[in-house]
Every structure is written in structure tokens, then in C-alpha cells.
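Residues per chain, in single letters:
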Amino acid sequence: MKNIVILISGTGSNMSAIVQRAKTQNWQARFNARVALVLSSTPNAKGLVWAKEHGLPAQVVDHRAFKEAPNPRSAFEAQLIQAIDPLEPHLVVLAGFMRILSPETTRHYEGRMMNIHPSLLPAFTGLNTHQRALDAGCKFAGATVHWVSEELDAGNIIDQAVVPILQTDDEHSLALRVLRAEHQLYPRVIEEHLKR
Ligand code: GRF
């Protein structure tokens, strides 16, 4: 069985798009693949509620629980790895996961960890991508699915979705258009990967 582990921190709308696609496209029968675990870095992520309601195994590894540790990030990531690795994941999918992972952890999952970023990389790595695209006068925006590497938002690009920027757009209207495109792009990219 190809286990897919999805890491979230918030709404989880990409996670639910992936789970729905897995169901409608019957990933289990076609690719022997399943979403085996949803992991959240925060206990109050909305996506956790959705995952549980839909009968998915869901777990929290609360990054704040390691505040007092000598090295909070490595303690948090050790716990994450402990939750993920028993599943021997075929793919670890970052979907709105808001923690920056250390080089040790990204190396550990090299070639098995994907992320979605709300810009047309390599433009606008990091945060506030939509406002920055508007400020730069871009005519198009979009989202990128890429392999996760040591450098933030810099791994090999797998695929992208492009949306127009309208004269009337503000950060919110643009974010919504990009997010809708993400919901098509991410499940499709994962499905293509499972076909290989
Ligand atoms: C998306 O815009 C994604 O590109 C970014 O975080 C957002 C997550 O949204 N990494 P959701 O939690 O999937 O709704």
C-alpha cells in the first residue's frame, strides 16, 4: 500500500480536495494508495475537524509543546518523524503546513515530500505572496507544486497553475482565485505521481 501522509496547520482545504479526489478517482483500487494520516502542527486547525468527520486518521503534533526543549524545532520534528515513519510513506504532502522544516528533516524525506506554494515560483517565495504580486504589477499569479528541498520554496518545480490578475483584485479576491486553482492542481499532481 502506498501511504500518503498530509501535513496541515490550518483550514486544510487542499487536504480535503486531495482526499475527495482520492475517493472519486478511486486511488485505492487504481494505485493501491490511500491517505493514511493527516497530521496537524496546531490542535485547533479547522482541517483536523474535517479529517475526523470524514473518518481519516488524524493526529496533532503541537509545535508549541516543545517550547521549553533545548532545541524546540528538532524536538518537534523528531515527534513528527515518529508519527510519520511507521507508515513508511510513499508521499508526504505539505498542504498549508506553516512550519519551516530543518535541512535534516527535508533530507530525510527527499524525493518523497511535496509542497504547494501560492505563487508562480521562483517569484515570491515566503509569505504575503498575493499582495506582493499585486504590488509588483503582475498580470498573472498562480500556485506551484514543488519537491521540498533544504532551501525554502526552492525545490524542483513539478507543476504550476496560472490565474489572471484582474484590475479590481485585492489580496483577498486574488487569494481566493489562486486557492481554487490549487484545489485542482494539487490532487492532479499527486495522482500523476501515483501513476508512475
Ligand atoms: C494555500 O494557499 C497553500 O498554497 C499555502 O497555504 C494555503 C493553505 O490553505 N501553502 P489550506 O489550509 O489548504 O486551505
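Refer to the preceding data block for the structure.
Residues numbered from 1 in each chain as written. Predicted model: local features only at pLDDT ≥ 70, side-chain atom pairs only at ≥ 80, totals over all residues. Heavy atoms only, no water.

A. Looking closely at the nonpolar core. Judged by nonpolar contacts, the single largest core of 38 residues is most densely connected at Ile-4, Ile-6, Trp-27, Tyr-186 and Ile-190. For this core, the element with the highest residue contribution is helix α7 (residues 171–195), accounting for eight residues. In this structure, Ile-4 is in contact with Trp-27, Ala-33, Arg-34, Val-35, Ala-36, Leu-37, Leu-91, Val-93, Ile-190 and Leu-194, ignoring residues within four places of it in sequence. In this structure, Val-5, Val-61, Val-92 and Phe-97 belong to the second largest nonpolar core, which totals 17 residues. (Core = buried A, V, L, I, M, F, W, Y, C linked by side-chain atoms within 4.5 Å. Buried < 20%, exposed > 50% of the residue type's maximum accessible area, 1.4 Å probe, protein only. Helix = DSSP H or I, 4+ residues; strand = E, 2+ residues; numbered from the N terminus. Contact = heavy atoms within 4.5 Å.)

B. Examining the site of the ligand more closely. Around the ligand sit Thr-11, Gly-12, Ser-13, Asn-14, Gly-96, Ile-116, His-117, Pro-118, Leu-179 and Glu-182, and that is every residue in its neighbourhood. The side chain of Ser-13 places a nitrogen or oxygen atom 2.5 Å from an oxygen atom of the ligand. For the ligand, an oxygen atom lies 2.8 Å from a polar atom in the side chain of Glu-182. Relative to its free-state accessible area of 360 Å², the ligand is covered by the protein chains to the extent of 82%. Only α1 (13–24), β5 (113–117) and α7 provide two or more residues apiece to the shell around the ligand. (Near = heavy atom within 4 Å. Polar contact = N/O pair within 3.5 Å; in protein donor to acceptor, adjacent residues only side chain to side chain. Areas by Shrake-Rupley, 256 points an atom, 1.4 Å probe, with all protein chains shown as cover.)

C. Main features of the pairing of β5. For β5, a buried count of five out of five residues is recorded, marking the element as mostly surrounded by other parts of the structure. Direction of pairing for strand β4 (residues 91–94) relative to β5: parallel, over a ladder of three bridges. The partner of Val-93 across the bridge, within β5, is Met-114. A crossover connection joins β4 to the parallel β5 through helix α5 (residues 103–108); in handedness this β-α-β unit is right-handed. Pairing analysis gives four bridges linking β5 to strand β6 (residues 140–147), with the strands arranged antiparallel. Bridge assignment links Ile-116 to a residue of β6, and that residue is Val-145. (Pairing = 2+ DSSP bridges. Right-handed = clockwise from strand over helix to strand, strands pointing away.)

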